[in-house]
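What the coordinates show
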Amino acid sequence: MSHVLSKNSYGKSHVRLSKVIRHGDRHDLMEFSANIELEGDFAESYIKGDNSRIVATDTMKNTVYALAANHKLDSIESFAQSLVEHFLQKYSHVAAVTVSIQQDRWLRIDNNHPHAFVSGGDEKRICKMTRRRAGTATQRTGGIDGLIVVKTTNSAFTGFLRDQFTTLPETSDRIFGTSVRAEWIYTPGPHDFNGIYDRARSIIIDVFAKHKSMAVQETEYEMGKAVLDACPEIEEISITLPNQHRIPINMQPLGLENKNEIFVPQDEPFGLIKATVRRG
């Protein structure tokens with residue numbers, strides 16, 4: 001029986017880095033985790049154990065540190081692009097590079113504390129850059145993950161299909177909680193990545209807060225439309241909204257009435273709603 005190595009790639013994952021960016025009497029803090037993946041002429045390592053063309057993953061890790069030292073780190077997108085270009089220029093046998101970055105959210109405490117920060121929780125800013133050597137443009141995405149939001153009214157879920165296994169009651173007034181993941185594809189050309197990110201994040205939050213939701217699906221679509229309308233630099237956006245349920249407690253066994261006030265948070269199982277909106 002014959003065998004063929006049909007595809008391969010390898011890299012370094014979760015390269016953690018913190019950088020203090022010093023501006024005189026004020027500091028910025030950049031903290032992220034980077035993943036690097038290489039494709040190319042590495043077959044001999046898989047087939048014969050010949051590592052003469054292998055870029056060590058430890059070298060990839062050190063490259064992140066070295067490039068970060070000389071990069072202004074104005075955005076994770078620009079840094080990811082620098083990493084992609086470095087590996088393509090340095091190693092002629094590398095055919096494609098993919099760099100993904102997750103940035104932690106650190107907020108300045110206030111103007112009276114120019115060197116002190118408070119965590120933004122589990123929320124991450126994300127990006128992914130892929131470029132193939134064969135003359136193709138870099139595929140560039142940005143986004144946000146773990147943006148936790150909740151509102152206590154203006155959400156309903158009625159008129160859904162019912163069968164012999166349906167027990168869920170309809171409701172015209174429920175708590176709507178979710179953890180937003182949004183990933184968008186940039187149009188070609190130079191962009192203000194930070195400005196686009198700030199605009200898209202603000203719009204997603206604003207639509208969530210103001211939209212009278214008849215379904216999570218509807219809110220998701222409205223978010224996507226609003227981002228595309230406000231951000232011409234984005235050609236497509238994919239949004240994932242998992243339901244973070246708050247279930248009303250039956251207070252009658254306790255001799256009390258639940259006036260739509262007492263709930264129990266439920267982590268799982270949860271509904272998972274996804275949508276991609278692109279320009280028509």
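Scroll up for the structure.
For the structure given in this document, a descriptive report is provided here. (Residues numbered from 1 in each chain as written. Predicted model: local features only at pLDDT ≥ 70, side-chain atom pairs only at ≥ 80, totals over all residues. Heavy atoms only, no water.)

Applying the stated criterion to the full structure yields 18 salt bridges. Note that Lys210 and Asp206 form a salt bridge whose closest N and O atoms lie 3.2 Å from each other. In this pair, Lys210 and Asp206 are both assigned in helix α4 (residues 193-210), four residues apart and thus about one turn of the helix distant. Linking Glu222 and Lys225 is a salt bridge whose minimum nitrogen-to-oxygen distance equals 3.3 Å. Residue Glu222 and its partner Lys225 are both found in helix α5 (residues 216-230); the two are separated by three residues, about one turn of the helix. (Salt bridge = Lys/Arg side-chain N within 4 Å of Asp/Glu carboxyl O. Helix = DSSP H or I, 4+ residues; strand = E, 2+ residues; numbered from the N terminus.)

Orientation of helix α2 (residues 57-69) relative to helix α3 (residues 76-90), taken along the N-to-C sense of each, is 125 degrees, at an axis distance of 11 Å. Overall, the two elements α2 and α3 adopt an arrangement that is oblique. α3 is crossed by α2, and the crossing has right-handed handedness. Two secondary-structure elements touch here, α2 through Met60, Thr63, Val64, Leu67 and Ala68 and α3 through Phe79, Ser82, Leu83, His86 and Phe87. Grouping the amino acids of the contact of α2 with α3 by side-chain chemistry returns seven nonpolar, three polar and no charged. (Axes fitted to C-alpha atoms, helices over the stretch in contact; angles between N-to-C directions. Parallel < 35°, antiparallel > 145°, perpendicular 65-115°, else oblique. Left-handed = near helix turned anticlockwise from the far one by under 90°. Contact = heavy atoms within 4.5 Å. Nonpolar A, V, L, I, M, F, W, Y, C, P; charged D, E, K, R; others polar.)

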